[in-house]
Amino acid sequence: MSSKATNATVAAEASDASSDTAIEETVFRVFRSSDGGGEMVEYRVPAVPGMVVLDAMHWIQAHVDGDLAVRWNCKAAKCGSCSAEINGMPRLMCKTRLDAFEGQEIWVQPMRTFPLIKDLVTDVQWNYEVNREIPAFTPPSDAESPWIIHQEDVSRLYEFRKCIECFLCQDVCHVLRDKDQKSRYYGPRFMVREAYLSMHPMDTVDRTRGIKEDAGVSRCNITKCCTDVCPEHIHITDNAIIPLKERVVDEYYDPILWLKRKLSG
Amino acid sequence: MDIVSNAPRPDGPAPQVGDVEPYQTLDYDVLVIGAGGAGLRAAIEAASAGVRVAVVSKSLLGKAHTVMAEGGMAAALANVHPDDSWEVHYGDTMRGGQRINQYRMAELHAKEAPDRVYELERWGALFDRTPDGRIMQRAFGAHTYNRLCHVGDRTGLELIRTLQDRAVHAGIDFFMETTMTRLLKDGDRVAGAFGYRRADGSFMLFRSKAVVLASGGWGRIYRVTSNSWESTGDGVAMAFEAGAELMDAEFVQFHPTGMVWPPGVRGILVTEAVRGEGGYLYNSEHKRFMLEYDPKKKELSSRDVVARSIYKEVQAGRGSQHGGAYLDITHRGADYIKRKLPSMHEQFLTLADVDITKEPMEVAPTVHYAMGGVRVEPETEATTIPGLFAAGEVAAGLHGSNRLGGNSLTDLLVFGRRAGMAAAQFVQSHAESLRIDETDIALEQDLLLRPLRRGEGENPYAVHEALQNIMAEQVGIKRDEDGLRQGLSSIQELRVRSMNIGVRGDRIFNPGWHMARDDIFMLTVAEAITRAAIERRESRGAHWRIDFPEQDSELGRVNFVVRKRGDGMEVEPVPTPQPGVQLRELLNV
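Cut-offs and rules
Residues numbered from 1 in each chain as written. Chains lettered and ligands numbered in written order. Predicted model: local features only at pLDDT ≥ 70, side-chain atom pairs only at ≥ 80, totals over all residues. Domains from an automatic or database assignment. Contact = placed C-beta atoms within 7 Å. Helix = DSSP H or I, 4+ residues; strand = E, 2+ residues; numbered from the N terminus. Nonpolar A, V, L, I, M, F, W, Y, C, P; charged D, E, K, R; others polar. Buried ≥ 20, exposed ≤ 12 C-beta atoms within 10 Å, placed from the backbone. Pairing = 2+ DSSP bridges. Core = buried A, V, L, I, M, F, W, Y, C linked by C-beta atoms within 7 Å. Axes fitted to C-alpha atoms, helices over the stretch in contact; angles between N-to-C directions. Expected span 1.5 Å × (residues − 1). Bend = angle between axes of the 7 residues up to and from the residue.

Some thoughts on the domain arrangement of chain B
Residues and elements named next belong to chain B. In terms of domain boundaries, chain B breaks down into domain 1 (253–368) and domain 2 (451–575). Each of domain 1 and domain 2 has a C-alpha centre, and these two points are 29 Å apart. The partner domain 2 presents 4 residues to the 7 residues of domain 1 that form the contact. If you tally residues by element for the side of domain 1 that touches domain 2, the top one is helix H8 (residues 303–315), at 4 residues. When grouped by side-chain class, the residues that make up the side of domain 1 that touches domain 2 number 4 nonpolar, 1 polar and 2 charged.

Pasting the structure below:
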């Protein structure tokens, strides 16, 4: 662990210049990568009311290390770009306030489930490849538009559409994180997508085989970690994954259906 | 009325052709720059015509600024109010823009928006419904009828996700986290674009027969803004450098309601849907001040009017605790608020410790949207450079001097589709191969690499902050000649400083290095805004001149065009095309 000698001075100058009242400093330890490795580097950041972790990363970029790599976009918890592990918990940096950690050091590390590019930025390309594997939404070709859909259907599906693709659920999923079974399980984000598609009243694709074989829904062992970290509070396990598992069980392990399939070839 | 500036050149000798560093070359028919609503819609349309399409985006797919649109998309479906029609929508858009919109764009937009909404639904998008199962529409500022199709307060997310999932199955190649920094030409024609991959800093050349700019706006030149980091005006600046004409640059929309407190969240958008769903604005004396400023439309007046009203209340000493106004929706009840405004509820609860079902929000104007941009031909979105098209916020014309809420999302779809179609047609009728001049590549590489070679120098973040201060103080919501001229000279001084930006580190995902180039884009845009703002000696829409507080009927018939001349920038008024009798009558309702 190293410390930037200049940091304290920079912070002190910043606080002198900005106001008469003493500004509290928050101590951060941020992962900085280097060839083949990396280390936690200490930064002291002057805190302002309501500050979030992403603000602190921006302060570090502007005042200490301009090359600190951080992926972000909207800073309003709507785009899902600034995912990181903050004091060990997968969270959005733009939605994590410093005052949630009063008196503690704040450790900021990249998501561990994906290959590192630099500092806090990981390569999440795999998720986009998975998305492409999922058959597109396909309404009946003869459906007369505009469609009549009822609010109950929209309200039911809306939860799945709240997903901002931050991939925190993918980061925390044991199947992906600890077992690295990315080739066998699409992960919670795409169970949410499969659930949306298979429950959409106008979709015509029979998705059950794909959900079982390609998406690997049975790999999930229902620890609900994904639900815990979802910044959109989607009940991923209860409302997406378990219904998909039930659908697979109904279709593949129901003895009557099994017999019917056998007989019809 | 021409003005020519003499922008300083970078120090040191011009690069030689032999100095070119390695770069990857890729060939496409159509290159789309930007993967927000307009870029994705353009790409889908071009690909459906059978041409080879690449999309480059600075961010990951699905993260573009479109995702932040909240309130809805305006289209005259007449599902909630049977009297709505494209004619009424057209009239609202033109009146909202104070009649210097390109009328043909407003007409096409109003006519085609309903088709684009239903198309989105057929591609899998969800919208809130009426009791009989049709698409629900909510009220919004200066729209005569309930017109905004929406899903809660996350309509932008729904739009971008639907297009994203459609586009990945359309045979399009995506280059995420890739920044284009220069358009390349063969003679007068566009021939591709050059830039770098953010992850490793490697250089990329896209050779393409047509280019669609869909790169969004430029809100980041202001400090208090609802815009994401991407909105640095790259597309506008690149088009300008390549010789395309810009138009209406002086019109910068201040959204009336951005968050005010705590300081860390200042500027984050509070959707107009809060007022659309019945929210009231109060001053510190608990007076609904909009009843005075616009007794007819009240809180749902156009954005320019509401933003100025809040500003005036604060200036008069009647501001809220932290210098804004109070926006109160509590009377609609907790259940309704959580259902119709879920992300607002969450946003205030987590970021500001405010429960909007129980207490008012504090809001103040925040820079939100650029009405101006690249000048385009209404039917095809062709710019003044052959082969170069522009759609969405990067283009000018539809919104005139003030955009109505909800018109942006349908703008993306209507004109994204048209640009994609026109680009594909252009490719099919211009088969000849194009030549790229290596000198242009050497020049761009030199511009990109100088800050790294310099190492120590001006801090790119400090230059950005200095520009934001200039724009806030001199080219903000309230303008006058002296301030604008001072702003212009400060921008030019800052441009000199920007020539000496130095950055540490290497080319691997180095935000300081990225910012160094973005600063140059933003300075160009800032200069264009300021020069056009000086010339428009009247108040119209979002452009508020305290030295010329009234509208000028002469200036109401012109748009200001900005173009490159030599190393400088010239501003010229061009006549605003006037609608024929039938369309004109729609404005007199």
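From this point on, the discussion continues.
A short note on the pairing of strand E9 (residues 203–213) of chain B
Residues and elements named next belong to chain B. Taking burial as the measure, the 11 residues of E9 include 9 buried ones, the bulk of the element. In this structure, the hairpin formed by strand E8 (residues 189–197) and E9 is closed by a connection of 5 residues, where Gly 201 is found at a positive phi of approximately 75°. As paired strands, E9 and strand E16 (residues 388–390) are joined by 3 bridges and run parallel to one another. Bridging from a neighbouring strand, Val 212 pairs with Phe 389 of E16.

What about the domain arrangement of chain A?
Residues and elements named next belong to chain A. Domain parsing of chain A yields domain 1 (2–122) and domain 2 (125–264). In this structure, domain 1 and domain 2 have C-alpha centres spaced 34 Å apart. Contacts between the two partners involve 11 residues from domain 1, matched on the other side by 12 residues from domain 2.

Re the sheet that holds strand E10 (residues 246–247) of chain B
What links the strands of a sheet is backbone hydrogen bonding, and the strands pair in either a parallel or an antiparallel sense. All names here are of chain B. Read from one edge of the open sheet, 4 strands run E15-E10-E17-E18, paired in antiparallel fashion. Strands with a single pairing partner mark the edges of an open sheet, and in this sheet they are strand E15 (373–374) and strand E18 (568–575). Taken together, the 8 bridges between strand E17 (residues 558–565) and E18 define a ladder with antiparallel strand orientation. Each bridged residue has a counterpart across the sheet, and for Phe 560 the counterpart in E18 is Pro 573.

Regarding the nonpolar core
Residues and elements named next belong to chain B. Counting residues in each nonpolar core, the largest one holds 253 residues, and the members touching the most others are Val 30, Val 212 and Ala 423. Sort the elements by how many residues they give to this core and helix H15 (residues 511–535) lands first, with 14 residues. If we ignore the near neighbours within four places in the chain, the residues touching Val 30 are Ala 46, Val 51, Val 53, Ser 208, Ala 210, Val 212, Ala 423, Ala 424 and Val 427.

Topic: the sheet that holds strand E11 (residues 252–259) of chain B
Residue and element names in this part refer to chain B. If you trace the 4 strands from one edge of the open sheet to the other, you get E11-E14-E13-E12, paired in antiparallel fashion. Only two strands of the sheet have a single neighbouring strand rather than two, namely E11 and strand E12 (280–282). When strand polarity is set aside, the average angle formed by the axes of neighbouring strands in this sheet is 45°.

Re helix H3 (residues 103–122) of chain B
All names here are of chain B. Relative to the 28 Å expected for 20 residues at 1.5 Å per residue, H3 spans 29 Å between its end C-alpha atoms, a close match to the ideal helical length. The axis of H3 is deflected most strongly, by about 40°, at Glu 112, and proline Pro 114 appears within four residues downstream. Where H3 is concerned, the buried positions are Tyr 103, Met 105, Ala 106, Glu 107, His 109, Ala 110, Ala 113, Pro 114, Arg 116, Val 117, Leu 120 and Glu 121. Residues of H3 that are buried sit in contact with strand E3 (73–74), helix H2 (86–96), strand E5 (148–149), helix H4 (155–167), helix H11 (407–429) and helix H16 (581–586). Where H3 terminates, the next one or two residues include Gly 124, which has phi positive at roughly 115°.

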